[in-house]
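Residue-level structural notes
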Amino acid sequence: MSGTTDEAEPDVSTEAEPEPDQGAGPDAKGEPGTEVEPDPEVEPDPAPESGPDADEGAAAAVEGRSTLRRRAAGVLRALRARRTAVAWATMLTAALLLCGLSAWSYADTRGDGALSYGKSRDAALGAGERGVARLNTVDSAHVDRDLDSWLGVTTGPLHDQLTRTHGSDTATMKAAGTSTNGTVTDAAVTELDTRAGTAKIIVTVQVRLTPKSGTASTDRKRFEANLSRTAGTWKLAALTAVPIGAS
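Thresholds applied
Residues numbered from 1 in each chain as written. Predicted model: local features only at pLDDT ≥ 70, side-chain atom pairs only at ≥ 80, totals over all residues. Heavy atoms only, no water. Helix = DSSP H or I, 4+ residues; strand = E, 2+ residues; numbered from the N terminus. Buried < 20%, exposed > 50% of the residue type's maximum accessible area, 1.4 Å probe, protein only. Contact = heavy atoms within 4.5 Å. Areas by Shrake-Rupley, 256 points an atom, 1.4 Å probe, with all protein chains shown as cover. Pairing = 2+ DSSP bridges. Axes fitted to C-alpha atoms, helices over the stretch in contact; angles between N-to-C directions. 1 Å grid on protein atoms, 1.4 Å probe; cavity = no way out; pocket = protein on both sides within 12 Å on 5 of 7 lines; lining within 4 Å. Points joined across faces, edges and corners; volume = space filled by probe spheres on them. Nonpolar A, V, L, I, M, F, W, Y, C, P; charged D, E, K, R; others polar. Arc of directions from axis to C-beta. pLDDT = per-residue confidence, 0-100.

Quick look at the overall build of the chain now. From N to C terminus, the chain includes 4 helices and 4 strands. Each helix (α) and strand (β) of the chain, taken in turn from the N terminus, gives the series α-α-α-α-β-β-β-β. By the burial criterion, 18% of the 247 residues in the chain qualify as buried. Here the analysis covers contacts within the chain between residues at least 6 apart in sequence; of these, 50% occur between residues at least 24 apart. With the model as given, the accessible surface of the chain reaches about 18900 Å², and the carbon-plus-sulfur share is 55%.

Quick look at the sheet that holds strand β4 (residues 233-241) now. Sheet architecture is open: 4 strands sit in the order β1-β2-β3-β4, paired in antiparallel fashion. Every other strand in the sheet has two partners, leaving β1 (179-193) and β4 as the edge strands with one partner each. Taken pair by pair, the neighbouring strands of this sheet meet at an average axis angle of 30°, ignoring direction.

Estimates place the volume of the largest pocket at around 290 Å³. Where the lining of the largest pocket is concerned, the elements lending two or more residues are α3 (156-164), β2 (198-210) and β3 (217-230). Of all the elements, α3 adds the most residues to the lining of the largest pocket, at 3 residues. Considering only residue class, the lining of the largest pocket consists of 10 nonpolar, 3 polar and 1 charged.

Relative to β3, β2 runs antiparallel, the two being bridged by 12 bridges. The partner of I202 across the bridge, within β3, is E224. Between β2 and β3, which pair antiparallel in sequence order, lie 6 residues; one of them, G214, sits at a positive phi of approximately 115°. Two elements, β3 and β4, share 8 bridges in a ladder whose sense is antiparallel. Each residue of the ladder has a partner; that of A225, found in β4, is L239. Between β3 and β4, which follow one another and run antiparallel, lie 2 residues, and A231 among them has a positive phi close to 55°.

What follows covers the pairing of β2. Examined bridge by bridge, β1 and β2 share 13 bridges and lie antiparallel to one another. In the strand pairing of β2, E191 is matched with K200. Here β1 folds back onto β2 in antiparallel fashion, the turn holding 4 residues, of which G197 has a positive phi close to 75°.

Quick look at helix α2 (residues 143-152) now. Along α2, the residues that are buried comprise V143, D146, L147 and W150. Summarising the axial view, the buried residues of α2 lie within an arc of 95°, below the 170-degree limit, and thus occupy one face.

The next point concerns the side chain of T204. Tracing the chain through its elements places T204 in strand β2. Looking at T204, the relative accessible area reads 5%, which means it is buried. With residues up to four places along the chain from it excluded, the contact list for T204 reads T183, V184, T185, D186, R220, K221 and R222.

By secondary structure assignment, the location of S116 is in helix α1 (residues 52-135). A relative accessible area of 43% places S116 in the partly exposed class.

To continue, consider the confidence of the model for the chain. Model confidence for the chain is summarised by a mean pLDDT of 79, while 67% of its residues fall at 70 or above. Throughout residues 1-16 the model reports pLDDT below 50, and contacts reaching past four residues in sequence, or to other chains, amount to 0 contacts. Note that pLDDT drops below 50 for residues 22-32; the model gives that stretch 0 contacts with residues more than four away or on any other chain.

And the structure:
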């Protein structure tokens, strides 16, 4: 053995360092010895209440929504009905206006036709009355003039006949020396054709006869006369004696 004593190596035991708290990361700023408060817990939503009151509330909400829907539907129906009524009213107004214009046009045209017809009737009647009165009037002092006037109020067959007998009629009237004066007391148009220009009238005439010598007398006669419109003027085309009292 040597004189030196082996020195024993010191037993160095390494103590395990405490591991850092994994909950504290780099952002953790707590100082040693300071406790970190835990995050507050989020309370869950309360569960819906159940029971009679909750059921009544839900039913009321459903009824309220139904009422709103019914009201909205009613408003829409009312608007549609109003639009429909307005549309029908507009169409009806247009139709009535069109009918009114058509009726006015028809009435105006018909009125013009009736007015024209009435004028033609009056013209034919007036010409017939004057013509018949003229053919029953002769002044013995002016036989030539009066018989010439007969030709002025006649046309057609009657005019031709009076033209043929003009000379003999003049001589007869002058020889008789009798004057006649015809006055129409009643007359009416029985037929009228404005397009053809023909008419027929019935005339009652009172004829006063004044002979060259003797007493004057009055005779009543009735005639049926045919008229024809010539150059816009109505003239007698035929004259036929009708017995008084005959229809």
